[in-house]
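Structure at a glance
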Number of protein chains: 2
Amino acid sequence: MARQRSQSVTLTDVARRAGVSVATASKALNARDEVAPETRRRVLQAADELSFQPNVLARGLISGRTRTIGLLTDELAGRFSIPILLGVENALGSEQMSVLLCDARGDAIRRRHYIRTLLARQVDGFIILGDSNDVRPSLTGDIPVPVVYVYGESDDPNDLSLLADDADGARLATEHLVSLGRRNIAHITGPENYRAARDRVASLRDVLDGAGLSLIGGEPLYGEWSQRWGRHAARMLLSSYPEIDAIFCGNDQIATGVANTLRDLGRRIPDDVSIVGYDNWHEFAADCQPPLTTVDLNLQQLGETAVKHLFAALDGQPSSGVIRQPCRLVVRDSTGPA
Amino acid sequence: MARQRSQSVTLTDVARRAGVSVATASKALNARDEVAPETRRRVLQAADELSFQPNVLARGLISGRTRTIGLLTDELAGRFSIPILLGVENALGSEQMSVLLCDARGDAIRRRHYIRTLLARQVDGFIILGDSNDVRPSLTGDIPVPVVYVYGESDDPNDLSLLADDADGARLATEHLVSLGRRNIAHITGPENYRAARDRVASLRDVLDGAGLSLIGGEPLYGEWSQRWGRHAARMLLSSYPEIDAIFCGNDQIATGVANTLRDLGRRIPDDVSIVGYDNWHEFAADCQPPLTTVDLNLQQLGETAVKHLFAALDGQPSSGVIRQPCRLVVRDSTGPA
DNA sequence: CTGAAAGCGCTTACAG
DNA sequence: CTGAAAGCGCTTACAG
């Protein structure tokens, strides 16, 4: 590895080789029209021969735009950052923008530190990823460039927050079960202190009400986002309410645990009990036995949308408020007609 | 969001407020010793009052060092990039370096494109993440700054490649099973065209040979990295070789599938059959029924090590060749004495 | 100890 | 159409 940084080729080198001034070389390379065709040809050729790559730092110093955005995540290791990050990266790439990545790991100190760092690096804007749909303090006050909040809502309504639409996702799941003729529907989900969990419960209730149904047990089973909890909850539920014919689960891990326990108990899926998961985490949902019908949050698209809004803001067209992006139901074998 | 970029405060502003020249202000802020204490105090105060943040671009233009490294991944969505990325980010953060992230998505064109982009942004060095342990063409020829390859080996021995030690991982797993008194050990793993899969098989065989044992069925079962394959393979294996008392699996998903099928078949884990997974993917391994003994690749540490080597190279102390980092056995409930 | 000057690599009015 | 000059924000010899 490691040859030392070969002093890279500079515009001066290109100009010299083409026999013009740096000013002219610059204009030729930037396709400004005040350059003679023949001159431009010579400059382009020289640049090509030298593999000239303009120094983006110098350019940024002049223009004040670095074509770089800061991506501040809260928990990269979590489930949701990566797809969003991919969407962001994708959308930025096609615009020749790059992303400086920082993971604050849920630490407020580190978050401020990274904001300063990224500002010192003159990023043109920020995308701030949350790790849950919960509301969090705005950071925009410290940031003199456009900011978009994604997957975590800022508490300042003047900020723009882009969220997955939990009510929509729960509605899709519940309507699907109801339309299949399921009448005895239970809900096993994560901790009650997650807003996403509560929002989905509210939406689930709305749909059931509308269909003249009520939730089995009257209340959802709040617990953890794990298979283990799914197994445990399924066992409890089935022993108290053997008439259950559908379980809507708060994520695919819970759903996987539920599915395994139902099999252990001799219940057929979906014939006896339909199961719907949430998240469409491929390794769990598609590889479950049977594969899970689940709600996809369209996270990658969420990232792309964030970039779109950020660009708009950079062009002087900022938005604000909360935008909730619809979910998508992915139907697999774990649900079927009653 | 989106106040337009407020023209940020510059060293000139600080100098003016402190009543000194920019040269002196610069020296004061950079703790060079040729500044009178009182002058320094005034400058620091002015900087503080103005929330001055030096423009890293300008600094980089002078020093030729941007304190930025380019992280080129091949498949960010895959399992292995994230922990490594976290390790890198962690190690860089403590050195005030930032990371520009690009995901080539396994596309060679995109990879070259990103290399050019990152070079134009004057990164001080590269970390190139592979998505499997397989050997791949070196990219160093195009890169005039230090490069470290991680989790994917460069075909140029002059490059430095940092890999997880598959032979070590398989050895740990197999020795563990043998030491528990298991004698009829089978192996279910992923596709044979993965070098990692083949390397582990070789190591597994070595350990079995040394213990006077041979692999059940004579050959490992190569297949996919999925639960589904684990289920299918377990069923086949158990019907042909009911004497099996241990199964070493190529990853935690396969192991999960195996565990579920063993339960369906009425085999007790670990009493009748011990299971070892691979990867220590927490959501699968720790949440399996029972929790899986598995091999941890220490990926985060791999990322940290990569940064260490990159810094050494930046300091003119490059290394080369292949370094394999040891794995770690995580013992949970899926293995026990025979 | 302080500051004027040169320069990092580039772009952009402005003369010619 | 071309090039000399100024300047982006900063640092660093070099005089004083």
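Residues numbered from 1 in each chain as written. Chains lettered and ligands numbered in written order. Predicted model: local features only at pLDDT ≥ 70, side-chain atom pairs only at ≥ 80, totals over all residues. Heavy atoms only, no water.

1. Details of the nonpolar core
For clarity, the threshold we go by: Joining through side-chain atoms within 4.5 Å is the link that ties buried Ala, Val, Leu, Ile, Met, Phe, Trp, Tyr and Cys residues into a set, and such a set is a nonpolar core. The classification of residues rests on relative accessible area computed with a 1.4 Å probe and restricted to protein chains. Under 20% of the type maximum is buried, over 50% is exposed, and intermediate values are partly exposed. Any pair of residues with heavy atoms lying within 4.5 Å of one another is described as a contacting pair.
One finds A:Ile127, A:Val150, A:Tyr151, B:Ile127, B:Val150 and B:Tyr151 to be the most contacted residues of the largest nonpolar core, which totals 90 residues. Sequence-distant contacts of A:Val150, that is, excluding residues within four places in its chain, are made with A:Ile84, A:Ile127, A:Ile128, A:Leu129, A:Gly130, A:Leu162, A:Leu302 and A:Ala306. Core analysis: the next-biggest nonpolar cluster, separate from the first, contains 32 residues, A:Leu100, B:Tyr114, B:Ile115 and B:Leu139 among them.

2. Thoughts on the packing of helix α1 (residues 11-18) of chain B against helix α2 (residues 22-29) of chain B
Residues and elements named next belong to chain B. Put simply, the rule is: The convention used is that axes are lines fitted to C-alpha atoms, helices contributing only their stretch in contact, and that angles between N-to-C directions extend from 0 to 180 degrees. Secondary structure elements follow DSSP: runs of H or I no shorter than four residues count as helices, runs of E no shorter than two count as strands, and numbering proceeds from the N terminus. Angle categories: roughly parallel below 35 degrees, roughly antiparallel above 145, roughly perpendicular from 65 to 115, and oblique for all the rest. Gly counts as polar in this scheme, as do all residues outside two lists: the nonpolar Ala, Val, Leu, Ile, Met, Phe, Trp, Tyr, Cys and Pro, and the charged Asp, Glu, Lys and Arg.
It is at 8 Å that the axes of α1 and α2 come closest, and there the two elements cross at 100°. Viewed along their axes, α1 and α2 adopt a mutual orientation that is roughly perpendicular. Contact residues: Leu11, Thr12 and Ala15 in α1; Val22, Ala25, Ser26 and Leu29 in α2. Residue composition of the contact of α1 with α2, by class: 5 nonpolar, 2 polar and no charged.

3. Considerations on the interface of chain A and chain B
Cut-off, in case you're wondering: By definition, the buried area sums, over both parts, the 1.4 Å-probe accessible area that each loses when the two are put together. Side-chain atoms alone can form a polar contact between residues adjacent in sequence; in general such a contact is a pair of N or O atoms within 3.5 Å, and within protein one must be able to donate a hydrogen while the other accepts it. A pair of strands is labelled paired if DSSP reports no fewer than 2 bridges between them.
In this complex, chain A contributes 80 residues to the contact, which on the side of chain B involves 80 residues. Both faces combined, the contact of chain A with chain B buries some 6600 Å², and carbon together with sulfur accounts for 48% of it. Taken together, chain A and chain B are joined by 32 residue pairs in polar contact (both at pLDDT 80 or more). Its residues placed into classes, the side of chain A that touches chain B shows 36 nonpolar, 27 polar and 17 charged. Strand direction decides the pairing type here: strand β2 (residues 98-103) of chain A and strand β2 (residues 98-103) of chain B, joined by 3 bridges, are antiparallel. By the bridge assignment for β2(B), A:Val99 is matched with B:Leu101.

4. Quick notes on the sheet that holds strand β9 (residues 221-222) of chain A
Residues and elements named next belong to chain A. Taken together, 4 strands build an open sheet; the order of strands is β9-β8-β10-β11 and the sheet is parallel. A strand with exactly one partner marks an edge of an open sheet, and here the two such strands are β9 and β11 (274-276). Both strand β8 (residues 185-189) and β9 contribute to a ladder of 2 bridges, which runs parallel. Among the inter-strand pairings, Thr189 is bridged to a residue of β9, identified as Tyr222. Strands β8, β9 and β10 (246-249) of the sheet are contacted by helix α9 (residues 227-240), whose axis makes an angle of about 150° with β8. Along the sheet, helix α10 (residues 252-264) contacts β8, β10 and β11; its crossing angle with β11, the most-contacted strand, is approximately 160°.

5. Observations concerning the domain arrangement of chain A
Residues and elements named next belong to chain A. Stated precisely, the cut-off is as follows: For the purposes of this description, domain bounds are those given by an automatic or database domain assignment. Just to be clear on terms, a salt bridge is a Lys or Arg side-chain nitrogen sitting within 4 Å of an Asp or Glu carboxyl oxygen.
As far as domains go, chain A holds domain 1 (11-54), domain 2 (66-164 + 299-325) and domain 3 (166-297). A separation of 31 Å is found between the C-alpha centroids of domain 2 and domain 3. In this assembly, 13 residues from domain 2 lie in contact with 8 residues from domain 3. The contact between domain 2 and domain 3 buries some 940 Å² in all, and 43% of this surface belongs to carbon and sulfur atoms. The largest share of the area that domain 2 buries against domain 3 comes from Arg79, Asn133 and Asp134, three residues that together contribute 48% of it. In this assembly, domain 2 and domain 3 are joined by 1 salt bridge. One salt bridge in this structure joins Glu153 and Arg195, with 2.7 Å as the shortest N-O distance. There are 4 residue pairs in polar contact (both at pLDDT 80 or more) connecting domain 2 and domain 3. Secondary structure elements with two or more residues in the side of domain 2 that touches domain 3: β7 (160-164) and β13 (321-325). Broken down by class, the residue content of the side of domain 2 that touches domain 3 amounts to 6 nonpolar, 3 polar and 4 charged.

6. Focus: the pairing of strand β3 (residues 125-129) of chain A
All names here are of chain A. With 5 of its 5 residues buried, β3 lies for the most part within the structure. Of the two faces of β3, both are covered, the one formed by Gly125, Ile127 and Leu129 as well as the one formed by Phe126 and Ile128. Pairing between strand β1 (residues 68-73) and β3: 4 bridges, direction parallel. Within β3, the residue paired with Ile69 across the bridge is Gly125. One ladder, built from 4 bridges, connects β3 with strand β5 (residues 147-150); its direction is parallel.

7. A few points about the pattern of salt bridges
Residues and elements named next belong to chain B. By the definition in use, this model includes 32 salt bridges over all chains. In this structure, Arg136 and Asp74 form a salt bridge, with 2.8 Å as the shortest nitrogen-oxygen distance. Of this pair, Arg136 sits in strand β4 (residues 135-136) while Asp74 sits in the loop between β1 (68-73) and α5 (81-93), placing them 62 residues apart in sequence. Residue classification places Arg136 among the partly exposed positions, given a relative accessible area of 23%. A relative accessible area of 5% places Asp74 in the buried class. Note that Asp103 is salt-bridged to Arg105, the shortest N-O span being 3.8 Å.

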